[in-house]
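Next come the chains, spelled out residue by residue.
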Protein chains: 2
Amino acid sequence: MTETQRRTIRVRELSEAELLARIFPRLAVLGSALLGPGDDAAVIAAPDGRVVVSTDTQTQDQDFRLVWPSGYRSSGQDVGWKAAAQNLSDINAMGAVATAMVVSLTLPDDTEAAWVEGLADGLVDAVRSLGATGCTVAGGDLGRGGELSVTVTVLGSLEGRDPVLRSGARVGDLLAVAGRVGDAAAGLALLEHGPGHEALGPDLAAVVAAHCRPRPPLGAGPAAAAAGAHALMDLSDGLLKDGDRMARASGVVLDLDPAALEEHAGRLAGPAAAVGADPLTWVLGGGEDHGLLAAFPAASQLPEGFAAIGSVLPANGGTGGVAIGGRPVQPSGWDHFAR
Amino acid sequence: MTETQRRTIRVRELSEAELLARIFPRLAVLGSALLGPGDDAAVIAAPDGRVVVSTDTQTQDQDFRLVWPSGYRSSGQDVGWKAAAQNLSDINAMGAVATAMVVSLTLPDDTEAAWVEGLADGLVDAVRSLGATGCTVAGGDLGRGGELSVTVTVLGSLEGRDPVLRSGARVGDLLAVAGRVGDAAAGLALLEHGPGHEALGPDLAAVVAAHCRPRPPLGAGPAAAAAGAHALMDLSDGLLKDGDRMARASGVVLDLDPAALEEHAGRLAGPAAAVGADPLTWVLGGGEDHGLLAAFPAASQLPEGFAAIGSVLPANGGTGGVAIGGRPVQPSGWDHFAR
């Protein structure tokens, strides 16, 4: 190798201070906290006297692969984007707006410094592209470990509104979703079982992107709260599992409209054909889309970005659950559902 | 094994909901948030319109060992205590009081469920024993991974006070510490190089406990702020390294008093004899005590729990740094210091 070739620098060659010096300037573009990184703790404004908080860890080989069976390599940007997006989604799902995040990174010694810089860029890209304009990166922690993991904790402001809980759905409510449903699962199937990533056309690459860089509809949470939504939650584990949680917390049955489900599935015909899957399984069981599930009063005009997907029925003495076209389904047994 | 013997249950046998059902009741004793665990995010009071936030990850084999060379086994209680304590210390070091924590756990499949329950108990024990009476566990995240790690994010309230930064030390200030200095490093030396843990007498076991279950002086941070401290920081990486950070941030020299250092070292004569070490190396270089380093106005009466350890001198055009008895020392070169 000649001296003019660019040498790969790994984190084991850098002190913590040197690695931070590569990361901080990339994060500083996101605006300012009352007190940002560099002291023992940061100080963030909480203008209405409350702060919303959520935390989530992504671990290599559990939540993402560095190299997928399709040949796709997760970039630092992908992992940073997803870590930010899924936490921003939890704040959105309370009807709140993000104000700050802190990030704890655990890095194997042989991680490339450029990959870590990419992760910082991915965090920033997600915050900006998703419209979390008031969110700053206020601090974090760097450590070494045998496997790569990223923990993001996001703080948010309710801007004077009440939080919208998953327990508030009422009989007669209109059930709606914001964002796409099933796309991330379709993308995961392509990453795990699909043709080589290089061969994918734009429609298939789009669902892979939906998995690697989910796009939670961040405006939609506060809009749902302002529109009087009774219940709201993040779709992270799939429509049936998350719907079951909202249903049980609210003591109701969430009845999904088969025609709406088929419409969502129809959008995934291309990826389904590529891997020989039933797209309805993605719509019902696929997680990580980070859209929103909401219950609105029956007479509501749905806020922009929401589409009807069913209605809320009484639990009739049961614990509550999910139904499709009036027929109860088990969250873990939906694949036996007779279509 | 007979059926009446207690069977070891590992986390791979439990669903996330089943594991949470073992953890939540243990954490619920810590009082209530505006909205606690169970929804997409928690809601915490921030009565003065600001929130202090800090995050930190502990990873197996990096920050703790499950089995130490001395034979000591880290209990779940130890790891939970330390994860809580070191984050509570960061809030203390701003002059704030903790209001809530969120906890993200990554667990290998073969982790014993009882160990995880112990971790929850350790968090609670630390919060209570250290006096963080207003701190609740508001939520968290559970995931699987190849190695065990715990990320705690703590939120705090400044109760209307200004945060006390590390950058505020002024020439002429009195330098003081709260809490013991060097004990955790002595404990680490015993865990790594000492005699079998079972053979330790009470004075040696005490420094092992100082490492495994550090006791940050949580009242001392707000007391220092109320007493008008100019600068305050957590002693997590050792007196020289952390002192160097405060000195550079403040543009001053922190001059440590050799007699005070010898007094701290003298308290560690027992552990030093047990492993053949110089106790001054622990006092100057040892981390993880989670005491406080503070700079007070010269005429101050030190708040309870603080003891003088030096004074603040001008940097004389330099970048600032640490001196001992007026002689500059390098944070990484202190062991060459001529005593």
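Keep in mind the model is a prediction, meaning the values are calculated, not measured.

### A closer look at the interface of chain B and chain A
- Each partner contributes residues to the interface: chain B has 48 residues there, and chain A has 48 residues.
- Those elements that provide at least two residues to the side of chain B that touches chain A are strand S1 (42-45), strand S2 (50-59), helix H2 (76-92), strand S3 (97-107), strand S4 (136-144), strand S5 (149-157) and strand S7 (231-235) of chain B.
- Tallying contributions element by element places S2 of chain B first for the side of chain B that touches chain A, with nine residues.
- Residue composition of the side of chain B that touches chain A, by class: 22 nonpolar, 16 polar and 10 charged.

### Overview of the sheet that holds strand S6 (residues 174-178) of chain B
All names here are of chain B.
- Across the sheet, which stays open at both edges, the seven strands sit in the order S7-S9-S6-S10-S8-S11-S12 with mixed pairing between neighbours. Each having just a single partner strand, S7 and strand S12 (327-329) make up the two edges of the open sheet. Taking the axes of each pair of neighbouring strands and ignoring which way they run, one obtains an average angle of 30° across the sheet.
- Pairing analysis gives five bridges linking S6 to strand S9 (residues 291-296), with the strands arranged antiparallel. Across the sheet, Ala 178 pairs through a bridge with Leu 292, a residue of S9.
- Sheet contacts for helix H7 (residues 239-250): S7, strand S8 (252-256), S9, strand S11 (321-324) and S12; angle to S11, the most-contacted strand, approximately 125°.

### A word on the packing of helix H2 (residues 76-92) of chain A against helix H3 (residues 113-129) of chain A
All names here are of chain A.
- Between H2 and H3, whose axes approach to 6 Å, the crossing angle comes to 40°. With respect to each other, H2 and H3 are oriented oblique. The handedness of the crossing between H2 and H3 comes out as right-handed. Touching Gly 76, Gln 77, Asp 78, Val 79, Gly 80, Trp 81, Ala 83, Ala 84 and Ala 85 of H2 are Trp 115, Val 116, Glu 117, Gly 118, Leu 119, Ala 120, Asp 121, Gly 122, Leu 123, Asp 125, Ala 126 and Val 127, all from H3.

### Comments concerning the pairing of S11 of chain B
Residues and elements named next belong to chain B.
- What you see with S11 is a clean split: Val 322 and Ile 324 sit on the buried side and Gly 321 and Ala 323 on the side with no burial.
- In this structure, S8 lies alongside S11, joined through four bridges in parallel fashion. Of the residues in S11, the one forming a bridge with Val 253 is Gly 321.
- Pairing analysis gives three bridges linking S11 to S12, with the strands arranged antiparallel. Within S12, the position partnered with Ala 323 by the bridge is Pro 328.
- What sits between the antiparallel neighbours S11 and S12 is a turn of two residues, in which Gly 325 has the positive phi angle 55°.

### As for the confidence of the model for chain A
Residues and elements named next belong to chain A.
- Per-residue confidence for chain A gives a mean pLDDT of 93; residues scoring 70 or more make up 96%.
- Taken together, the stretch residues 333-339 has pLDDT below 50 and engages in seven contacts with residues farther than four places along the chain or on a different chain.
- Interface predicted TM-score (ipTM) for the complex: 0.93; the corresponding pTM is 0.94.

### So, the relation of the copies chain B and chain A
- The two copies are related by a screw operation: chain B maps onto chain A through 180° of rotation and 0.0 Å of translation along the axis, at an RMSD of 0.0 Å. Both chain copies can therefore be described as sitting about a two-fold axis. Closest approach to the rotation axis within chain B is made by the C-alpha atom of Gly 49 of chain B, at a distance of 2.4 Å.
- Comparing interface residues between copies, 100% of those in chain B also sit at the interface in chain A, which points to an isologous, same-surface contact.

### Notes on the sheet that holds strand S10 (residues 306-314) of chain A
Residues and elements named next belong to chain A.
- Taken in spatial order, the seven strands of this open sheet run S7-S9-S6-S10-S8-S11-S12, and their pairing is mixed. The outermost strands of the open sheet, each flanked by one partner alone, are strand S7 (231-235) and strand S12 (327-329). With strand direction ignored, the average angle separating the axes of adjacent strands in the sheet is 30°.
- Lying on the sheet, helix H7 (residues 239-250) is in contact with S7, strand S8 (252-256), strand S9 (291-296), strand S11 (321-324) and S12; it crosses S11 at an angle near 125°.
- Docked against the sheet, helix H8 (residues 258-266) engages S8, S10 and S11, running at close to 145° with respect to S10.

### Considerations on the environment of Gly 38 of chain B
Residues and elements named next belong to chain B.
- Among the structural elements, Gly 38 can be located in the loop between helix H1 (16-27) and S1.
- Take Gly 38: there are 14 C-beta atoms within 10 Å of it, and that puts it in the partly exposed class.
- Linking Gly 38 and Gly 139, residues 101 residues apart in sequence, is a C-alpha distance of 7.4 Å.

### What about H3 of chain A?
Residues and elements named next belong to chain A.
- Here H3 is 17 residues long and its end C-alpha atoms lie 24 Å apart, about the 24 Å a rise of 1.5 Å per residue gives.
- Those residues of H3 that sit buried are Ala 113, Trp 115, Val 116, Gly 118, Leu 119, Ala 120, Gly 122, Leu 123, Val 124, Ala 126 and Val 127.
- On its buried face, H3 is in contact with helix H1 (16-27), H2, strand S3 (97-107) and strand S4 (136-144).

### Focus on the pairing of S9 of chain B
- Counting buried residues in S9 of chain B gives six out of six residues, a clear majority hidden from the surface.
- Covered by surrounding structure in S9 of chain B are Gly 291, Leu 293 and Ala 295 of chain B together with Leu 292, Ala 294 and Phe 296 of chain B, the residues of both alternating faces.

### What about unusual backbone geometry?
Residue and element names in this part refer to chain B.
- Notably, His 290 is not glycine yet its phi reads approximately 60°, a positive angle.
- With respect to the helices, strands and loops of the structure, His 290 is situated in the loop between helix H10 (279-285) and S9.
- Exposure remark for His 290: the 27 C-beta atoms within 10 Å place this residue in the buried category.
- Located in the positive-phi region is Asn 316, a residue other than glycine, with phi close to 50°.
- Inspection of the secondary structure assignment puts Asn 316 in the loop between strand S10 (306-314) and S11.

### Looking at H2 of chain A
- Look at H2 of chain A: 24 Å from first C-alpha to last across 17 residues, which is about the 24 Å you get at 1.5 Å a residue.
- Within H2 of chain A, 17 of the 17 residues are buried, leaving the element largely enclosed by the surrounding structure.

### Brief notes about the domain arrangement of chain A
Residue and element names in this part refer to chain A.
- What the domain assignment reports for chain A is domain 1 (12-157) and domain 2 (174-336).
- Spacing between the C-alpha centres of domain 1 and domain 2 amounts to 26 Å.
- In this complex, domain 1 contributes 23 residues to the contact, which on the side of domain 2 involves 27 residues.

The rules behind the values
- Residues numbered from 1 in each chain as written.
- Chains lettered and ligands numbered in written order.
- Predicted model: local features only at pLDDT ≥ 70, side-chain atom pairs only at ≥ 80, totals over all residues.
- Contact = placed C-beta atoms within 7 Å.
- Helix = DSSP H or I, 4+ residues; strand = E, 2+ residues; numbered from the N terminus.
- Nonpolar A, V, L, I, M, F, W, Y, C, P; charged D, E, K, R; others polar.
- Pairing = 2+ DSSP bridges.
- Axes fitted to C-alpha atoms, helices over the stretch in contact; angles between N-to-C directions.
- Parallel < 35°, antiparallel > 145°, perpendicular 65-115°, else oblique.
- Left-handed = near helix turned anticlockwise from the far one by under 90°.
- Buried ≥ 20, exposed ≤ 12 C-beta atoms within 10 Å, placed from the backbone.
- pLDDT = per-residue confidence, 0-100.
- Least-squares fit on C-alpha atoms with pLDDT ≥ 70 in both.
- Expected span 1.5 Å × (residues − 1).
- Domains from an automatic or database assignment.

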